[in-house]
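In case you want the letters, here they are:
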Amino acid sequence: MTSDLRKQNENWEKLATIDPYWSILVEDDTINNKWSVDKFYDTGKVQISKILSFLSDIGIKFQTENALDYGCGAGRLTEALSSYFKEVYGVDFSNRMVDLAIQHNPYSNIKYLRTNGYDLKMFPNGKFDFIISLITLQHSPPKIQYGLIEEMMRVCSPKGIIIFSAVTHFSFAHTVRNIIAKISPDLANYLLALRQNLRNKNLGHYKEGISSQIFRISSRKVTRIAEKNKFNLRYYVSDSLNWKCDDPLEIFILQPYSKAAL
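Residues numbered from 1 in each chain as written. Predicted model: local features only at pLDDT ≥ 70, side-chain atom pairs only at ≥ 80, totals over all residues. Heavy atoms only, no water.

Asker: Can you lay out the pattern of salt bridges for me, pointing to particular residues and giving the numbers?
Answerer: Under the defined criterion, the tally for this structure stands at five salt bridges. A salt bridge links D42 to K45, with the nearest nitrogen and oxygen atoms 3.9 Å apart. With a gap of three residues between them, D42 and K45 both fall in helix α3 (residues 37-57), about one helical turn apart. Given a relative accessible area of 36%, D42 falls into the partly exposed group. The partner of R154 in a salt bridge is E151, and the shortest N-O contact between them spans 2.7 Å. Separated by three residues within a single helix, R154 and E151 lie in helix α6 (residues 142-155), roughly one turn from each other. (Salt bridge = Lys/Arg side-chain N within 4 Å of Asp/Glu carboxyl O. Helix = DSSP H or I, 4+ residues; strand = E, 2+ residues; numbered from the N terminus. Buried < 20%, exposed > 50% of the residue type's maximum accessible area, 1.4 Å probe, protein only.)

Spelled out as structure tokens, the structure:
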């Protein structure tokens, strides 16, 4: 395990203990465990409904046997997927997040597993008809992100679809924050907290030494990876789809050449 991955795992184990739902989905007035659990999981149902409606509107069809939620956290999207697929897997790098997802899970067709953070070797080729990973990959270094994208392609069925979000560019503020994070993670976290939480003046989460660094990847390289693996690709700015993905994320949609309807 690389030092970056080790640090990432330590951070998410802390966040899963301190304030798990807020760390997954940051919204106003939800810091310090103020998320209503029911409302938190309801956001997943709304988001998955929007995504599936969007795919239907643009003519993308896929089978509904098996689905994978990579970076499932507490199972917000995983549980929502259970209504649409016969079998759903949620995988995450954090033991505590996986434990939380299992504890909350009321569905018999969901299985949660811990991943090593850099591959999907626990699954055979072509297993999944639907693969989704939102607000997850940007927490890993680029090399790992590219590897995971290829792994998603490997486990995608010939008639399947992959949807993931990634950071492909930084605003000036993000660039400055990442430079500061390399010099002093504590200062970067404090400044991020100050910007996000001026209303309630509470910076407690960022006093735990949790890094806020985000990693970006190249959309051109993703395109080359897709072409190499014979996948069609299109992508969207997240705001245009209203899928609750923070700026500056972009949404990538991939399908194998053989059955692609893009």
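After that view of the structure, there is still more to cover.
Asker: Tell me what's going on with unusual backbone geometry, and back it up with residues and numbers.
Answerer: Phi at N33 is positive, roughly 60°, even though this residue is not glycine. Position of N33 relative to the elements: it lies in the loop between α2 (20-24) and α3. Its identity as a non-glycine residue notwithstanding, K230 has a phi of 65°, on the positive side. Residue placement: K230 occurs in the loop between α9 (219-228) and β6 (231-237). What makes K230 exposed here is its relative accessible area of 55%.

Asker: Could you give me a rundown of the environment of D4, with the residues and numbers involved?
Answerer: Secondary-structure assignment places D4 in helix α1 (residues 3-18). In the structure, D4 is positioned 135 residues away from H139 in sequence and 9.4 Å away in space, judged by C-alpha atoms.

Asker: Summarise the packing of aromatic side chains; cite the residues concerned and give the values.
Answerer: Scanning the model with the defined rule gives 13 aromatic pairs in all. Centre to centre, the rings of F85 and F130 are 5.1 Å apart; their planes meet at 40°, and the pair counts as tilted. You can see F85 sitting in the loop between α4 (76-81) and β2 (87-92) and its partner F130 sitting in strand β4 (residues 128-133), a full 45 residues away along the chain. Between Y89 and F128, the aromatic rings sit 5.7 Å apart at their centres with planes inclined by 80°, giving edge-to-face as the arrangement. (Phe/Tyr/Trp six-rings, centres within 6.5 Å; stacked < 30°, edge-to-face > 60°.)

Asker: Go over the pairing of strand β1 (residues 66-70), please, and point to the residues and values.
Answerer: With five of five residues buried, β1 is to be regarded as a mostly interior element. Of the two faces of β1, the one carrying N66, L68 and Y70 and the one carrying A67 and D69 are both buried. Direction of pairing for β1 relative to β2: parallel, over a ladder of five bridges. Across the sheet, L68 pairs through a bridge with Y89, a residue of β2. At this point the chain moves from β1, through α4, to the parallel β2, and the crossover so formed is right-handed. Where β1 lies against β4, three bridges are found, and the strand directions are parallel. Residue pairing across strands places L68 opposite I131, the latter belonging to β4. (Pairing = 2+ DSSP bridges. Right-handed = clockwise from strand over helix to strand, strands pointing away.)

Asker: If you had to explain the side chain of S133 to someone new, which residues and values would you point to?
Answerer: Structurally, S133 can be placed in strand β4. A polar contact is formed between the side chain of S133 and the backbone oxygen of Y70, at a distance of 3.1 Å. Residues within four places of S133 in sequence aside, it is in contact with Y70, M152, I163, F164 and S165. (Polar contact = N/O pair within 3.5 Å; in protein donor to acceptor, adjacent residues only side chain to side chain. Contact = heavy atoms within 4.5 Å.)

Asker: Got a sec to walk through α9? Specific residues and values, please.
Answerer: When α9 is considered as a whole, its buried residues turn out to be S219, V222, I225 and A226. Projected down its long axis, α9 shows its buried positions confined to an angular sector of 115°, all on one face. In α9, those exposed residues whose orientation departs by more than 90 degrees from the buried face are R220 and K228. At the N-terminal boundary of α9, the capping side chain belongs to S218, with an oxygen 3.2 Å from the backbone nitrogen of R220. Backbone geometry just after α9 places K230 at a positive phi near 65°. (Arc of directions from axis to C-beta.)

Asker: Describe α3, and please don't skip the residues or the numbers.
Answerer: Taking 1.5 Å as the rise per residue, α3 with 21 residues should run 30 Å; its terminal C-alpha atoms sit 31 Å apart, in good agreement. One or two steps after α3, the chain reaches G59, where phi turns positive at roughly 85°. (Expected span 1.5 Å × (residues − 1).)

Asker: Report on the environment of I162, specifying residues and quantitative values.
Answerer: Checked against the element boundaries, I162 lands in strand β5 (residues 156-167). A relative accessible area of 0% means that I162 is categorised as buried. Between the alpha carbons of I162 and P256 there is a distance of 9.3 Å; along the sequence they are 94 residues apart. When sequence neighbours within four positions are dropped, the list of residues in contact with I162 reads I131, M152, M153, C156, F231, F252, I253 and L254.

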